[in-house]
Amino acid sequence: MALKDGFLWGGAVAAHQLEGGYDQGGKGLSTMDVTTSGDQTHKRRFTREILPGENYPNHEAIDFYHRYEDDIALMAEMGFKCFRTSIAWSRIFPNGDEAEPNEEGLRFYDRLFDCCLEHGIQPVVTLSHFEIPLHLVNEYGGWRDRRLIGFFVRFATVCFERYRDKVTYWMTFNEINNQANYMEDYALLADSGIVAEPGEDRERTMFQAAHYELVASAAAIEAGRKINPAFRLGCMIAMCPVYPLTCKPEDILMAHKAMERRYYYADVHVNGVYPANTLALWRRRGFDLDVTDEDLAQLARGCVDYIGFSYYMSFAIEHKQGNVHYDYREDTDLVPNPNLKRSDWGWAIDPIGLRYALNWFTDKYALPLFIVENGFGAYDKVEADGSIHDPYRVDYLRAHIEQMKLAVDEDGVDLMGYTPWGCIDLVSAGTGQMDKRYGFIYVDKNDAGEGALERSRKDSFAWYQRVIASNGEEL
Ligand code: BG6
């Protein structure tokens, strides 16, 4: 079996989805502190300020801010080699544009990373995971504004210097390519802190914002390399392979074009230049974006060392008559794949798609890969004796790990690690729910915010413990 020694088994979370303590330790408000809960049928709403009578699930989340020591101990019990989390930008720079960081915020992550290291767990850190300081949205319009590049690089540099000897693995922007779905309000808000105006050309807005983020990522990576040459600096891509619905040539080309649109961000992160397909699209659209020669030079100086990616599902697409340019609209063009079952939230379950994704990334970029999210959101039932039987979660993860091993063994993929999403139950990013659960560790709190926040081990806890102990042999 080919998983290397030192393979990074672990789990993944993000600050705003589990920390709580939204107003503690000098923290400023972030975009997610003013985003309401939702559910399968109601979207989360961004309210710009805290409004009375609204439910903001991230305010308390699972109170990891106060309970991290016990939670990390549980992860150590499972045998984690690494723990992926993010740093809440608004803990370090409460408004985002200050000259000096908030020492109390920095101290929180010192304590958290020290706790991980004491348990032999490597922190894996995302700098920007779906939230930015609210002030940067209300005063600057989020990543519409070039000045955010400087603010982000200052934040990244402070983190790199402070945690120089505690953190080796970094990623800049979580799922930077989610905003390929630019008609979805939440995607623009989460990736770019942008609230679109009625009638605005959202596609143009997205390309401009993503450009500033890509430049900021490259500048941060360049700075990080100088601070510690041993850092491993990566990007983070949401990988949902887009399959053609049929083998009609039109569908094949449509799927190819959709992949170009969803993954040009990775091209820039890895190669340091825009691919020709993206430049051609900008020309055809007449987009005269703010892209300077210095930006292009910066992109080339900040290429990533590895590709971190999430994998939950695959998509399918067919070409629609009249779409002469094979333009991709993620909100309207995807179709159900009749070969796949779906989760309760409609996410297509496709383990082979993970092997396909690992091959696709490897063939295209030839870089080490890190699966930094994968998982199954499901309702769990607590039995009278407190036990939680979650075979559906084990089935999903087992099937994906099997495909991951085949990609390493049979296809030669260079894989650094695997961190399933939401290793402890947390607030769903997409819906704001607690009851969409991913964890091996159950947290006693429901969508209405009720519960004592107590932690307990699901059946999948012992299963994952065995998987790690056997380096993926016992599934
Ligand atoms: C990824 C995000 O999109 O998927 C996470 O990086 C998110 O933040 C995860 O939680 C699962 O999505 P959801 O909507 O089920 O929480």
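Residues numbered from 1 in each chain as written. Predicted model: local features only at pLDDT ≥ 70, side-chain atom pairs only at ≥ 80, totals over all residues. Heavy atoms only, no water.

Attention now goes to the site of the ligand. Inspection of the region around the ligand gives 14 residues, with Gln17, Glu175, Glu373, Lys436 and Tyr438 positioned closest. Contact distances for the ligand include 2.5 Å between an oxygen atom and a side-chain N or O atom of Tyr438. Here the ligand has 380 Å² of accessible area as a free molecule, and 94% of this is covered by the chains. Of the residues assigned to the shell around the ligand, the class counts are six nonpolar, five polar and three charged. (Near = heavy atom within 4 Å. Polar contact = N/O pair within 3.5 Å; in protein donor to acceptor, adjacent residues only side chain to side chain. Areas by Shrake-Rupley, 256 points an atom, 1.4 Å probe, with all protein chains shown as cover. Nonpolar A, V, L, I, M, F, W, Y, C, P; charged D, E, K, R; others polar.)

What follows is about the sheet that holds strand β9 (residues 334-335). Read from one edge of the open sheet, three strands run β6-β8-β9, paired in mixed fashion. Each edge of the open sheet carries a strand with a single partner, namely β6 (242-244) and β9. Pairing between β6 and strand β8 (residues 315-317): three bridges, direction parallel. When the bridges of β8 are listed, Pro244 appears paired with Ile317. The sheet contacts of helix α9 (residues 249-271) involve β6 and β8, and relative to β6 the element is tilted by about 170°. (Pairing = 2+ DSSP bridges. Helix = DSSP H or I, 4+ residues; strand = E, 2+ residues; numbered from the N terminus. Contact = heavy atoms within 4.5 Å. Axes fitted to C-alpha atoms, helices over the stretch in contact; angles between N-to-C directions.)

On to the nonpolar core. If you look at soluble globular proteins, the nonpolar side chains tend to sit buried side by side. Trp143, Trp170, Phe309 and Met404 are the most contacted members of the largest nonpolar core, which has 150 residues in total. Sorting elements by how many residues they give to this core places helix α8 (residues 202-227) first, with 13 residues. With ten residues, the next largest nonpolar core counts Val124, Tyr169, Met236 and Phe370 among its residues. (Core = buried A, V, L, I, M, F, W, Y, C linked by side-chain atoms within 4.5 Å. Buried < 20%, exposed > 50% of the residue type's maximum accessible area, 1.4 Å probe, protein only.)

With respect to burial, strand β10 (residues 369-373) is a largely interior element, five of its five residues being buried. One ladder, built from four bridges, connects strand β7 (residues 306-310) with β10; its direction is parallel. What sits directly across from Gly308, in β10, is Phe370. Sheet topology places β10 next to strand β11 (residues 415-418); three bridges connect them, and they run parallel. By the bridge assignment for β11, Phe370 is matched with Gly417. In the classification by handedness, the crossover that spans β10, the intervening helix α14 (residues 391-409) and the parallel β11 is right-handed. (Right-handed = clockwise from strand over helix to strand, strands pointing away.)

Moving on, we get to the side chain of Gln208. Note on placement: Gln208 falls in helix α8. Look at Gln208 and you get buried, because its relative accessible area is 8%. With near-sequence residues (within four places) excluded, Gln208 lies in contact with Leu289 and Asp290.

What follows concerns unusual backbone geometry. With a phi angle near 60°, Asp63 is a residue other than glycine that sits in the positive phi range. In this structure, Ala366 takes a positive phi of about 50° despite not being glycine. By the secondary structure assignment, Ala366 is in the loop between α13 (351-365) and β10. Classification of Ala366 as exposed rests on a relative accessible area of 62%.

Below, the discussion takes up the environment of Phe151. Looking at where Phe151 falls in the secondary structure, it is placed in helix α6 (residues 147-162). In this structure the C-alpha to C-alpha distance between Phe151 and Phe93, which are 58 residues apart in sequence, comes to 9.1 Å. Sequence-distant contacts of Phe151, defined by excluding residues within four places in its chain, comprise Trp89, Gly96, Asp97, Leu136 and Tyr140.

This part takes up the packing of aromatic side chains. Scanning the model with the defined rule gives 43 aromatic pairs in all. Ring centres of Trp143 and Phe152 lie 6.2 Å apart, and the angle between their planes is 65°; on these two criteria the pair is classed as edge-to-face. Overall, Trp143 belongs to the buried group, its relative accessible area being 0%. Classification of Phe152 as buried rests on a relative accessible area of 0%. When the centroid spacing of 5.5 Å and the interplanar angle of 70° are considered together, the rings of Trp360 and Phe361 count as edge-to-face. Comparing Trp360 with Phe361 shows no difference in burial state: the two are buried. (Phe/Tyr/Trp six-rings, centres within 6.5 Å; stacked < 30°, edge-to-face > 60°.)

Another aspect to go through is the packing of α14 against helix α15 (residues 459-469). Between α14 and α15, the least distance of the axes is 10 Å, while the angle of their chain directions is 20°. Considering their axes alone, α14 and α15 lie roughly parallel with respect to each other. As α14 packs across α15, the resulting crossing turns out to be right-handed. Facing α14, whose interface residues are Arg393, Val394, Leu397, Arg398 and Ile401, α15 presents Ser460, Trp463 and Val467. (Parallel < 35°, antiparallel > 145°, perpendicular 65-115°, else oblique. Left-handed = near helix turned anticlockwise from the far one by under 90°.)

If you trace the backbone, Leu281 turns up in helix α10 (residues 276-285). Residue Leu281 is classed as buried on the basis of its relative accessible area of 4%. Measuring from C-alpha to C-alpha, the distance between Leu281 and Ala452 comes to 52 Å, with 171 residues separating the pair along the chain. Apart from the residues lying within four places of it in its own chain, the contact partners of Leu281 are Glu203, Phe207, Arg261 and Asp327.

The next point concerns the pattern of salt bridges. Counted under the stated rule, the structure contains 43 salt bridges. The salt bridge involving Arg45 is made with Glu54; its shortest N-O contact spans 2.9 Å. Residue Arg45 is classed as partly exposed on the basis of its relative accessible area, which comes to 44%. Using a relative accessible area of 28% as the deciding quantity, one classes Glu54 as partly exposed. Residue Arg329 pairs with Asp331 through a salt bridge whose shortest N-O separation is 2.8 Å. According to the relative accessible area criterion, Arg329 is partly exposed, its value standing at 31%. Three or more residues are tied together by salt bridges with common partners; here these are Asp380, Asp390, Arg393, Asp425, Asp435, Arg437 and Lys458. (Salt bridge = Lys/Arg side-chain N within 4 Å of Asp/Glu carboxyl O.)

Limitation: the analysis is restricted to geometry and does not speak to function.
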